[in-house]
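# Topology and contacts: notes
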Amino acid sequence: MFFSGFFGYIYHIQQIVYRLILPRFILFYKHTLIIRKSYLEKELNTLTNKLLLKESWNFDNSYIHLPEKLFTKQDPAPVKEPKLIALNNPLAKELGLNVKELESNEGIEVFAGNRIPTGADPIAQAYAGHQFGYFTMLGDGRAVLLGEHISPSKNRYDIQLKGSGKTAYSRGGDGRAALGPMLREYIISEAMYGLGIPTARILAVVTTGEPVYRKTVLPGAILTRVAASHIRVGTFQYINHYGRTEELKLLSDYTILRHFPDYIADDNRYSYLLKEVIKGQAELIAKWQLAGFIHGVMNTDNMVISGQTIDYGPCAFMDTYDPNTVFSSIDVNSRYAYKNQPYIAAWNLARLAETLVPLLHDDQDKAVQIANEGISDFGKIYHKKYLNGMRAKLGLFDEEPEDESLITELLNIMVKYKADYTNTFRSLTLNNLNSMDIFGTEEFKLWNDNWNDRKNKQNKSSEEIFQLMKNSNPAIIPRNHRVEEALDAAVSKDDYCLMDKLLKALSNPYEYSSEQEEYTTLAPPMSTPYRTFCGT
Ligand code: AMP
Ligand code: MG
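Residues numbered from 1 in each chain as written. Chains lettered and ligands numbered in written order. Predicted model: local features only at pLDDT ≥ 70, side-chain atom pairs only at ≥ 80, totals over all residues. Heavy atoms only, no water.

## Comments concerning the overall build of the protein chain
- On a plain count of helices and strands, the protein chain comes out with 16 helices and 12 strands.
- For the protein chain, the residues scored as buried account for 51% of the 536 residues in total.
- Across the protein chain, the fraction of contacts at a sequence separation of at least 24, relative to all contacts at a separation of at least 6, is 71%.
- For the protein chain, the exposed surface amounts to about 25600 Å²; the carbon and sulfur share of it is 55%. (Helix = DSSP H or I, 4+ residues; strand = E, 2+ residues; numbered from the N terminus. Buried < 20%, exposed > 50% of the residue type's maximum accessible area, 1.4 Å probe, protein only. Contact = heavy atoms within 4.5 Å. Areas by Shrake-Rupley, 256 points an atom, 1.4 Å probe, with all protein chains shown as cover.)

## Notes on the pattern of salt bridges
- Scanning the entire structure with this criterion turns up 33 salt bridges.
- One salt bridge connects E399 with K384, and the closest N-O pair in it is separated by 3.9 Å. One end of the pair, E399, is in the loop between α10 (364–393) and α11 (403–416); the other, K384, is in helix α10, and 15 residues separate them in sequence.
- One network of salt bridges, in which partners are shared, links D60, E148, R156, D158 and R258. (Salt bridge = Lys/Arg side-chain N within 4 Å of Asp/Glu carboxyl O.)

## Here's the deal with the site of ligand 1
- For ligand 1, the set of nearby residues contains 17 residues, the closest of which are G139, G141, D174, G175 and D311.
- Between ligand 1 and G139, the relevant distance is 2.6 Å, taken from an oxygen atom to a main-chain nitrogen or oxygen of the residue.
- Each of two domains, domain 1 (63–230) and domain 2 (244–393), supplies a minimum of three residues to the shell around ligand 1. (Near = heavy atom within 4 Å. Polar contact = N/O pair within 3.5 Å; in protein donor to acceptor, adjacent residues only side chain to side chain. Domains from an automatic or database assignment.)

## Describing the packing of helix α8 (residues 269–291) against helix α9 (residues 341–360)
- Taken N-terminus to C-terminus, the directions of α8 and α9 make an angle of 170 degrees; their axes are 10 Å apart at the nearest point. Taken as axis vectors, α8 and α9 run roughly antiparallel relative to one another. Residues Y270, S271, L273, L274, V277, I278, Q281, I285, W288 and Q289 of α8 form the contact with α9, whose participating residues are Q341, P342, A345, L349, L352, A353, L356, L359 and L360.
- When the residues that make up the contact of α8 with α9 are grouped by side-chain class, the tally is 15 nonpolar, 4 polar and no charged. (Axes fitted to C-alpha atoms, helices over the stretch in contact; angles between N-to-C directions. Parallel < 35°, antiparallel > 145°, perpendicular 65-115°, else oblique. Nonpolar A, V, L, I, M, F, W, Y, C, P; charged D, E, K, R; others polar.)

## With respect to the nonpolar core
- Membership of the largest hydrophobic core comes to 119 residues, with the highest contact counts inside it found for V205, L394 and L428.
- In terms of residue count, α8 provides more of this core than any other element does, 12 residues in total.
- When neighbours within four sequence positions are excluded, V205 is seen to be in contact with K83, L84, I85, A86, L179, M182, L183, Y186, A221, I222 and L223.
- F59, A92, L146 and V206 belong to the second largest nonpolar core, which has 24 residues in total. (Core = buried A, V, L, I, M, F, W, Y, C linked by side-chain atoms within 4.5 Å.)

## Points about the coordination of the magnesium ion (ligand 2)
- Donor atoms from the polypeptide that bind the magnesium ion (ligand 2) are N302 (OD1) and D311 (OD), placed at 1.9 to 2.2 Å.
- What makes N302 buried here is its relative accessible area of 9%.
- D311 gets classed as buried once you look at its relative accessible area, which sits at 18%. (Donors = N, O, S within 2.8 Å, 3.2 Å for Na, K, Ca; no water.)

## Brief notes about unusual backbone geometry
- Residue D311 is not a glycine yet carries a positive backbone phi of 70 degrees.
- Positionally, D311 belongs in the loop between β11 (293–294) and β12 (316–317).
- One non-glycine residue, S334, lies in positive phi territory at about 55 degrees.
- The topology assignment puts S334 in the loop between β12 and α9.

## Digging into the packing of aromatic side chains
- Per the stated rule, a full pass over the model turns up 17 aromatic pairs.
- One aromatic cluster is present, formed by W288, F293, Y312 and F317 through successive ring pairs.
- Looking at R201, its charged tip hangs above the ring of Y193, at a distance of 3.5 Å from the centre.
- One Lys or Arg, R335, reaches over the ring of W347 and ends 4.8 Å from the middle of that ring. (Phe/Tyr/Trp six-rings, centres within 6.5 Å; stacked < 30°, edge-to-face > 60°. Lys NZ or Arg CZ within 6 Å of the ring centre and 35° of its normal.)

## Things to note about helix α15 (residues 480–493)
- The end-to-end C-alpha distance of α15, which contains 14 residues, comes to 19 Å, matching closely the 20 Å that a straight helix rising 1.5 Å per residue would cover.
- When α15 is considered as a whole, its buried residues turn out to be N480, R482, V483, A486, L487, A489 and A490.
- Of the surrounding elements, those touching the buried residues of α15 are α5 (179–195), β12 and α16 (497–507). (Expected span 1.5 Å × (residues − 1).)

## Brief notes about the packing of α8 against α10
- For the pair α8 and α10, interaxial distance at closest approach is 8 Å and the crossing angle is 30 degrees. In terms of axis orientation, α8 runs roughly parallel to α10. You can see that α8 and α10 cross each other, and the crossing is right-handed.
- Residue composition of the contact of α8 with α10, grouped by class: 14 nonpolar, 5 polar and 6 charged. (Left-handed = near helix turned anticlockwise from the far one by under 90°.)

## Overview of the pairing of strand β6 (residues 143–150)
- Burial of β6 is extensive: 8 of the 8 residues sit out of reach of the surface.
- Summarising the sheet, β6 and strand β7 (residues 156–162) pair through 7 bridges and their orientation is antiparallel. Directly across from G147, in β7, lies its bridge partner I159.
- In textbook terms, the turn of a hairpin is the stretch between consecutive antiparallel strands, and for β6 and β7 this stretch comprises 5 residues, one of which, K154, has a positive phi near 70 degrees. (Pairing = 2+ DSSP bridges.)

## Describing helix α7 (residues 245–259)
- Under the 1.5 Å per step criterion, the end-to-end length of α7 is 21 Å for 15 residues, consistent within 8% with the ideal 21 Å.
- Elements that come into contact with the buried residues of α7 comprise β6, β7, α6 (233–242), α8 and α9.

## Considerations on the environment of T408
- Among the structural elements, T408 can be located in helix α11.
- The class of T408 is partly exposed, set by a relative accessible area of 39%.
- For the pair formed by T408 and M390, sequence separation is 18 residues and the distance between their alpha carbons is 10.0 Å.
- At 2.7 Å, the side chain of T408 forms a polar contact with the backbone oxygen of E404.

## Things to note about the pairing of β7
- Burial runs high along β7: 6 of the 7 residues are buried.
- In terms of strand pairing, β7 meets strand β10 (residues 217–227) through 5 bridges, oriented antiparallel. Considered in β10, the bridge of K162 is made with L223.

As structure tokens, then:
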């Protein structure tokens, strides 16, 4: 009785342990193991990401060794809730960066300014500039340069965050940017890249999870801009105005070493610096004109020494050919109208030449003469590049004296009949002469005969002519209504389909694919002209 009672009791306890406690304990133990495993996995992931990121970004910062006057050390201001909106995969590849890492939490934190990647040494750059003709002290008011990244092919790129918070140069601004304008910069700069026009590019756009206050409350965003450098005409104006000649010399030598290294040991290197910048800008502006691109805010602080296009605030592409076209709402005197762009570029370069006078020659008169010669070269180089570009758009391989009047006559007819700039050249390329009103006019028919005579003068097949025209006349440009439509879907509806589709079409505007067809359609007539805004 005692035993059966005692063993019965033990047996009972045993059963409780086996059936109830043990399975629960095993379950609990298993559970803690799972939690621990996932915790360890997460830790390992973070660690690997950190290690990979360390290897991926390859900073080597040279600008910070220039005189301190040229910059202020400035970390980006952290944001609440970063979210990756756009990542430029081909550019990431060109930079030797791993897309997976860039898309990871740590990668996004870098784009948001919440994490400084290894090797970065953030600064806000100082510069001055003529804005609409008036000289002002400026500087990065809403941007920081994280540093200079060296790609696997040993190219040096500035990595800049725009919209990253206040700096010493914010002048009352909030240092922030809104999503719409940042995506617009992404779309237009990629379109420029596709067109073969030198440009700074956007690696990523993130939203901040914080509002920005403009006319309305807008979602805040930061973009990562990749540029050959951000040395501006305004950087030279700044050091010339606020610095010593020795500092101007240091900036000039640095710029030569970075962009025109072949001249670094040359006694006349400062003359070459001026010449090369003038050449680069003449070529750039010719490309803008040929594509119908209107920058909109060609202040000297927005013109870079590297010859790339930067600052995509109020820019837009011209639809109807009209040399007086202006899109920017603040350009009330049409200073930066399409037809003025080459003259404004020369004016800006004259400001650069002035700053270099102390370095061009010991004799001031001779220095001024060198500067003037440089500036007069701009017109010559620009004119030649523009004419040759127009020849190619018309399928002309060689040069004949009558070419200039042939080009001017066509442009005049386009003005008269309000012809769409891109579509006119596209239709000429495709020999699709029923597609637009202009082609039915007497003036055009006469011009067409002259053009055919001119084409026949050269010993080229119609296939060769077609190929030259196809490679010189984009089938599509980022038309304003299509850009707006894509931005609206993205910002208001969080729908990026239209933007992705537009970006894909713009990646090779010379393809003439059936997918591109829909982007050749003009906007419905508007009661007010299209307007753009800057400083947004
Ligand atoms: P932009 O018209 O974009 O070339 O800008 C001209 C100047 O204004 C530059 O110095 C910018 O850094 C500065 N800026 C533009 N927007 C802001 C902003 N929201 N906060 C501070 N500075 C700004
Ligand atoms: Mg600017």
